[in-house]
Every structure is written in C-alpha cells, then in structure tokens.
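# Summary of the model geometry
Listed below are the residues making up each chain.
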Amino acid sequence: MDYVSHPLHPLFYFQKTFYLVIRERNCSLIIVSLFIVFMPTSDRLTLLQNFGRSIKSAAYIYRPSHTEHVAEIFSLAAEREFKIGLRGSGRSYGDASLNAGGIILDLRRMNRIIEWGPESGVIKVEPGVTIQQIWQYTLEDGWWLPVVPGTMFPTIGGCLAMNIHGKNNYVAGPIGEHVLEFEALLPTDELITCSPQRNADLFYAMIGGAGVLGVFTSITMQMKKIYSGNVWVDAWSAPTLRAMMDDFEPIKGESDYLVGWVDGTHSRGRGQIHRATYLHGDEDHEPTQTLSVEFQTLPDTFLGVMPKSLLWRFMRPFMNDLGTTLVNTAKYYHARLFEHRKRYVQSLVAFNFLLDYVPNWEKSYGSGGLIQYQSFIPREQAHDAFVEMLRLCQKRGLPTYLGVLKRHRPDQFLLTHAVDGYSLAMDFPAKQGNRIDLQKLADDMNEIVLSAGGRFYFAKDSTLNANVVKRYLGEDTMDRFRKLKARCDPDGLLETELYRRLLS
Ligand SMILES: Cc1cc2nc3c(=O)[nH]c(=O)nc-3n(C[C@H](O)[C@H](O)[C@H](O)COP(=O)(O)OP(=O)(O)OC[C@H]3O[C@@H](n4cnc5c(N)ncnc54)[C@H](O)[C@@H]3O)c2cc1C
C-alpha cells in the first residue's frame, strides 16, 4: 500500500481541530466514541488504550512495514502538521504509546529477523520483533535474551525506547547495555547508526528516550549463552519487607535473578522471594529437550481442565480490597507452609514470564483498569520509604493489590530510572470513584520518593507531572535531552501523551 497517497477523508481538517480540542480539554471517552460513531471518517481512526486500560485515546493509525514507509509518513505528517507517536505492542502501563488527535505509527509489521549468528549469539532484528519471537528463534541454538520484562509480548523497539530491566537488573543492567548497535530514522530524514562508540550521545539518549527522538529501524544485540532451558529456583517466604531486603543483599552475587512478591495489604510488606540461577553445562542431562520451543510453551489450560483464556473472569470477583487481602494472606501462608526453602527446576519461560500465565489478567481489574506505580530508591533509604508508602496506601484505604520488589544498579543512560537500590512496583485498581484519591496518593508518594533520592519509570507511569520529572532528572539532564530533541526533531514531529505530560 502506498502510505502517502492513501486518501484521508475530506473532513480531515475538521477532525483534526476536533481532536486538538479533545486533547487539550481532555474530553470524556463518551464524546470521542460518539464522534467516531456518527462521523464518517478515515478508516485509520482508531480508539487505542494503554496496557492498564485506564486511558483511552483516538488516533490515526499507520502500520509501516519498511523504513521507507516510515519516512513517507514523516513527510505526510509534517506537511499536514500532525504529530506522530510511536507504538510497539502497547504494553506500557501508562500513556507512553498514545497520541490523542495525532498519528500513531504501529511498528509491529517491521518484524523481520535480519541476521543471526548461532556461534556468536549476535542478532540483528527489526524493531517490531517481539521478545517471544527472539527467544523462539535463538533458544534451540542455546541463546537467551540477556534481559527480559515480565511478559514476552512487547516489541524490542518498545523495550529499547524504555530501556527495560529484568529480575536480573542488579547483575545484567538494562537491555540497552546489551545492544551493540542500532539504526534509527530521525524526523530530519537522516538514517543514523549509533553504538557506544559511534554517535554515543544519541545511543545513550535514544535508549530510554521514550520514542521521541527517532524511530529504531534495526537493533543488533548480544544474546546470553545458556546450557539448559531450565533454571534452578529457590523459593522462601519473608515475614517483612526488611527481612526480604536483608535476604537479597548477601546472595545477589551468586544469583542470576531475584524477585520479591510483596503482600501490599500487610503493613510491613511480607511476601515470598524467588531466586533463580542458570544450570551449568553438566547439570541438564537433556539440554536438547529443555532448549526446545515446545518444552518452553506455557500450557493452555489451568490444572489441566480450565482454558486459561477464561481464568481472568474467575479472578474478577476477588479484585476488591477484601478479596485481595484474603488471596494475599492465603498465598503468604501457602508459601510459608508448602514452599518455604524449596528448590526446584522451572523453564526459563515459566520463571521469567509468570504474568503471561493468565492471558488478559489486566481485564480482571474491571472497566476502570489499573494503574501501576513503580519507584526506584537507593538501598539505604529504600526500606523506610517503601514501608511509609505501603502504610500511606493502607491509611487512605487504597491498598496495592500486587507488589513486586527488585534489586537494581545504576546505568549510564540519559533518562535512566535505575539506582543502586530497590524498586517496588505497586498495582492499584482504577475506578471512576477513586481516580482523584489515587492521583493524590501518587502525588504524596512522589514526595516520599523524591526526598529519599529516588526515581521513576516512564514505561509504568501515568500519574507523574513535569515538575516531579525535572526534580528527579535534574535541570542539566533535561537541558541535554531538550538539545538532542531539537537536533533530531527540530519541528517537534514526534510526540506522545507521555511526552506532552512530562517532557515537553
Ligand atoms: C505484564 C507486564 C510486565 C512488565 N514487566 C516489565 C519488567 O519486568 N521490566 C520492565 O522494564 N518493563 C516491564 N513492563 C513494561 C514493558 O516492558 C515496557 O512498557 C515496554 O516498553 C513495552 O514494549 P511495547 O512494544 O509494548 O512498546 P509500547 O508500550 O507500545 O511503547 C513503549 C515506548 O516505545 C516507543 N517505541 C515503540 N517502538 C519504537 C521504535 N521502533 N523506535 C523508537 N521508539 C519506539 C513508544 O513511543 C513508547 O514510548 C511490563 C509490562 C507488562 C504489560
């Protein structure tokens, strides 16, 4: 399809004005829906949402399959004064890949594996390739992604734009540290190559740059050698968050992955720790089997009977304060009684992508969706700050339904979210009735994080404001980012809702 000559509806400019009004005034979803229903429009007009299902946003969607298509859409948008937002799989919890009233470039059709070296473990891919596609391609040759998020559905372009971290951040750093080189198309029409040696300023700014400096068009990455498709998992429970952190510190040197599942309904944050280590060459007697895609595939049914696609509906009645308190308590005592100090093997996929076990679990939060609040706090301050936040949530009657604790280390990327310390991710149900209270809670938690020297993460955020971002990133970093934005995108073509809210 010729992207440029695709006719837009004659009412194009009227629509544009209308959407600008929507964007600026934040009109309700009902008005947007009525407009879409009653207005004959371009078939590109699409209602999108964030992963958390808490923000709806209409945009003109384009699905390029080659770099030349991206360039064509750039000039079309520039000519018609439209802003372009980039989108991978739309798995960011907040508004990072939404662009109300503008164009969204859905990059999932740029999904070819360009080169693979089974000896070197170096892979070159297009940006729309997913984490799932990559591990399925390389696993049988004995290579795994060095860093993965808690789900396998994001695209590698989206992961790079956020510089994602895994449960091994304290040892492996973010995904950007494993990128050897990338190519990107800038809105100035330049196709540039960046690596830690070449165009280094852009390398460290575009990775983690939230997709507003340019479009990654190819990414070359070093994979991690593995000798088995299984990991050793040690599981044990911890009666408090303090105990969890005390347990993390001495073992992080000999653990490949560490994660704490925190009961946020408990005032001192008890929970369960999972620690995983790769198997050595001689520990797996059937590596051909465990390194096969079939072995790694997650089952379709729960307990062998119930289709997993239905599971979220069964979770729905428990997604309230009482239900989650009961479930969290039951999970804690189950772990204490039956899984305490247990060691077992688990497939890499089952360990890393636990959240993919229940397809569409986010729907169990109901029509208002969910908000995730993840903060990163230096080690010395982390415990007290997190406990203060958990208590504040409980005091306000807004307990977190799921808490996840991870250990991190700092990195050199310009808009980095990492610190030498811990992050706590907290999920909250969003409802018509609690939006204002949730925002107030997030604002108050921001102050706790900032006074503890902490940071935030754009992939998860939907509640920060520009002032908070300036305070944690600092004026100098903001200036450097603005200068790079002016250099790469002088006419300000690339914008998302997150960019307008936090970085413009
Ligand atoms: C269940 C779940 C678990 C998660 N666990 C983790 C975790 O453990 N650790 C973690 O770090 N994150 C985690 N995430 C967040 C997720 O990994 C990131 O939000 C990731 O960026 C999503 O990728 P995506 O392809 O969906 O990108 P989108 O969400 O669609 O976009 C993300 C950003 O990338 C930009 N972008 C997309 N494609 C390109 C491109 N080609 N060039 C330039 N910019 C581009 C977009 O503009 C946007 O700013 C999790 C998300 C979910 C839903």
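Structural notes, computed from the coordinates. Here the structure is a predicted model, which means the values were calculated and not measured.

### Some thoughts on the packing of helix α16 (residues 466-473) against helix α17 (residues 475-488)
Remark: α16 packs on α17, axes separated minimally by 6 Å, with the N-to-C direction vectors making an angle of 105°. Taken together, the axis directions place α16 and α17 in an arrangement best described as roughly perpendicular. The residues of α17 that touch α16, namely those facing Val469, Lys470 and Leu473, are Glu475, Thr477 and Met478. Of the residues in the contact of α16 with α17, the class split is three nonpolar, one polar and two charged.

### Regarding the nonpolar core
Ile84, Trp144, Phe182, Phe386 and Phe458 are the most contacted members of the largest nonpolar core, which totals 135 residues. Ranked by residue count, the leading element in this core is helix α14 (residues 379-395), at eight residues. Among residues more than four places away in sequence, those in contact with Phe386 are Leu241, Met245, Ser375, Ile377, Leu405, Tyr422, Ser423 and Leu424. Within the second largest apolar cluster, nine residues are counted, among which are Phe51, Tyr365, Leu370 and Tyr401.

### Section: the site of the ligand
Residues in close proximity to the ligand total 36 residues, the closest being Leu86, Arg91, Ser92, Thr155 and Tyr457. Within the side chain of Ser92, an N or O atom sits 2.7 Å from an oxygen atom of the ligand. A distance of 3.1 Å is found between an oxygen atom of the ligand and a backbone nitrogen or oxygen belonging to Ala96. In the complex, 98% of the free accessible area of the ligand, which totals 970 Å², lies under the protein chains. Mapped onto the shell around the ligand, the elements with two or more residues apiece are β3 (84-87), α5 (156-162) and β10 (215-222). The greatest single-element share of the shell around the ligand, amounting to five residues, is contributed by α5. Residue classes in the shell around the ligand are distributed as 19 nonpolar, 13 polar and four charged.

### Let's talk about the sheet that holds strand β4 (residues 103-106)
Strand order in this open sheet of four strands is β1-β2-β4-β3, and the pairing throughout is mixed. Because the sheet does not close on itself, it has two edges, and the strands there are β1 (45-49) and β3. Strand-to-strand, the axes of this sheet are offset by a mean angle of 50°, without reference to chain direction. Running over the sheet, helix α3 (residues 67-79) touches β2 (56-62), β3 and β4 and is turned about 175° from β4.

Cut-offs applied
Residues numbered from 1 in each chain as written. Predicted model: local features only at pLDDT ≥ 70, side-chain atom pairs only at ≥ 80, totals over all residues. Heavy atoms only, no water. Axes fitted to C-alpha atoms, helices over the stretch in contact; angles between N-to-C directions. Helix = DSSP H or I, 4+ residues; strand = E, 2+ residues; numbered from the N terminus. Parallel < 35°, antiparallel > 145°, perpendicular 65-115°, else oblique. Contact = heavy atoms within 4.5 Å. Nonpolar A, V, L, I, M, F, W, Y, C, P; charged D, E, K, R; others polar. Core = buried A, V, L, I, M, F, W, Y, C linked by side-chain atoms within 4.5 Å. Buried < 20%, exposed > 50% of the residue type's maximum accessible area, 1.4 Å probe, protein only. Near = heavy atom within 4 Å. Polar contact = N/O pair within 3.5 Å; in protein donor to acceptor, adjacent residues only side chain to side chain. Areas by Shrake-Rupley, 256 points an atom, 1.4 Å probe, with all protein chains shown as cover. Pairing = 2+ DSSP bridges.

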